[in-house]
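Each chain is listed here by its residues.
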Amino acid sequence: MSETRTDAAPDRTLQGILLILVSVVLFSVSDAMAKLMRLDGVPAVEVAWLRYIVFVALAYALARRARVLRLRPKRPWLQLLRGVTLVGSAVLFVAGLGFLPIAEATAIGYVAPGFVTALSIVLLGEKVGIRRWSAVFVGFLGVLIVIRPGSGALSLAALFPVASALCWAATIVITRKMGAGDRTETTVLWSAATGLLLLTLLVPVDFVLPGWRQLGLGLAHGLCSSVGQYLVILAYRQGPASLLAPFSYVQLLFSTTLGWLIFANVPDSATLLGAAVIIGSGLYTVHRERVRARERAAARDA
């Protein structure tokens, strides 16, 4: 039995890595479809609304399969707040795609771990040492390299993925604050439903009747994004987050490739340098999280 478990652990971790890699491919394709819609003149809120229609359908199916449709969350207000920050992240990133190449938007979005560190102090009361603060500083330095302040429209457009990263970081911190009290399917359903309700209220403000092309792109965008999110959930059930998280940075490679193939966008040297700095900062933050987790586990066992 012990031999079976020892052999199974690497297999599960490998499955988790493969799931993460498939998910980032889907996310890259999803972003490309969103950018195509933005270039067709579809507002960011409407793009996200079409995405969330598919998201809710998938979330409902998962919740029904897990038989949690009637379960009430233990902290509903946190669930609602998580849904708001999650949809905010989606809308802001799509808005940025209307002005930025996919590679630049993706690279800037990787600053999220720095925001997680900062928000964890305020919302979770965590203590952050000089090493993690240094990683945060380096990450934001990478963002400055990418956006090159003073370059006009690029600097302003870069605020969209920065704000998106802040909302995503808030989503992660809120999820931590909720703890493990609710089933994953319950959290996904509440986030999807909250986002769709909010977008449905906002979409009439600037609604553009989509053609068949835009409608197809919107639904495919939602399908790729939603399936990608589901694969991420499955992946983190197979292996530790500290080991799997670095593989999400492979998305930059796929985003750059799609940006070149579809939109003829080739990142310049400053963008590549800034992306490398941001990714390095994120990887170090993941490493420190892993070290702190080991320290907490050792303290509990002592």
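Note that the structure is predicted; figures quoted are calculated from it, not measured.

1. What about the confidence of the model for the protein?
Mean pLDDT over the protein: 85, with 91% of residues reaching 70 or higher. For residues 1-8, every residue scores under 50 in pLDDT, and the model assigns this stretch 0 contacts once sequence neighbours within four places are set aside.

2. Some points on the packing of aromatic side chains
Counted under the stated rule, the structure contains 5 aromatic pairs. With centroids separated by 5.2 Å and ring planes inclined at 75°, the aromatic side chains of Tyr 52 and Phe 55 adopt a geometry described as edge-to-face. Here Phe 55 and Tyr 52 lie together in helix α2 (residues 44-65), a separation of 3 residues that amounts to about one turn. Here the aromatic rings of Tyr 110 and Tyr 249 are separated by 4.7 Å at their centres, their planes lie at 55°, and the arrangement is tilted. A residue pair is termed long-range when its members are at least 10 positions apart, and Tyr 110 in the loop between α4 (102-109) and α5 (112-124) and Tyr 249 in the loop between α11 (241-244) and α12 (251-263) qualify at 139 residues. Side by side, Tyr 110 and Tyr 249 carry an identical accessibility label, which is buried. The ring of Phe 263 is capped by Lys 35, whose NZ or CZ atom sits 5.5 Å from the centre of that ring.

3. Things to note about the pattern of salt bridges
Here the idea is simple: oppositely charged side chains can pair when their charged atoms come close. Applying the stated criterion across every chain yields a total of 2 salt bridges. Asp 40 is paired through a salt bridge with Arg 213; the nearest N and O atoms lie 2.8 Å apart. Of this pair, Asp 40 sits in the loop between α1 (2-39) and α2 while Arg 213 sits in helix α10 (residues 212-236), and the two are 173 residues apart along the sequence. Overall, the relative accessible area of 46% leaves Arg 213 in the partly exposed class. Arg 183 is paired through a salt bridge with Glu 185; the nearest N and O atoms lie 3.5 Å apart. The class of Arg 183 is partly exposed, set by a relative accessible area of 40%.

4. Comments concerning the environment of Gly 41
Summarising the element assignment, Gly 41 is placed in the loop between α1 and α2. Taking relative accessible area as the criterion, Gly 41 reaches 42% and is therefore assigned partly exposed. Considered as a pair, Gly 41 and Pro 210 are 169 residues apart in the sequence and their alpha carbons are 9.4 Å apart.

5. Side note on α10
Taking 1.5 Å per residue, 25 residues should reach 36 Å; α10 reaches 36 Å between its end C-alpha atoms and fits that length. Within the span of α10, buried status applies to Gln 214, Leu 217, Gly 218, His 221, Gly 222, Cys 224, Ser 225, Ser 226, Gly 228, Leu 231, Val 232 and Ala 235.

Criteria and cut-off values
Residues numbered from 1 in each chain as written. Predicted model: local features only at pLDDT ≥ 70, side-chain atom pairs only at ≥ 80, totals over all residues. Heavy atoms only, no water. pLDDT = per-residue confidence, 0-100. Contact = heavy atoms within 4.5 Å. Phe/Tyr/Trp six-rings, centres within 6.5 Å; stacked < 30°, edge-to-face > 60°. Helix = DSSP H or I, 4+ residues; strand = E, 2+ residues; numbered from the N terminus. Buried < 20%, exposed > 50% of the residue type's maximum accessible area, 1.4 Å probe, protein only. Lys NZ or Arg CZ within 6 Å of the ring centre and 35° of its normal. Salt bridge = Lys/Arg side-chain N within 4 Å of Asp/Glu carboxyl O. Expected span 1.5 Å × (residues − 1).

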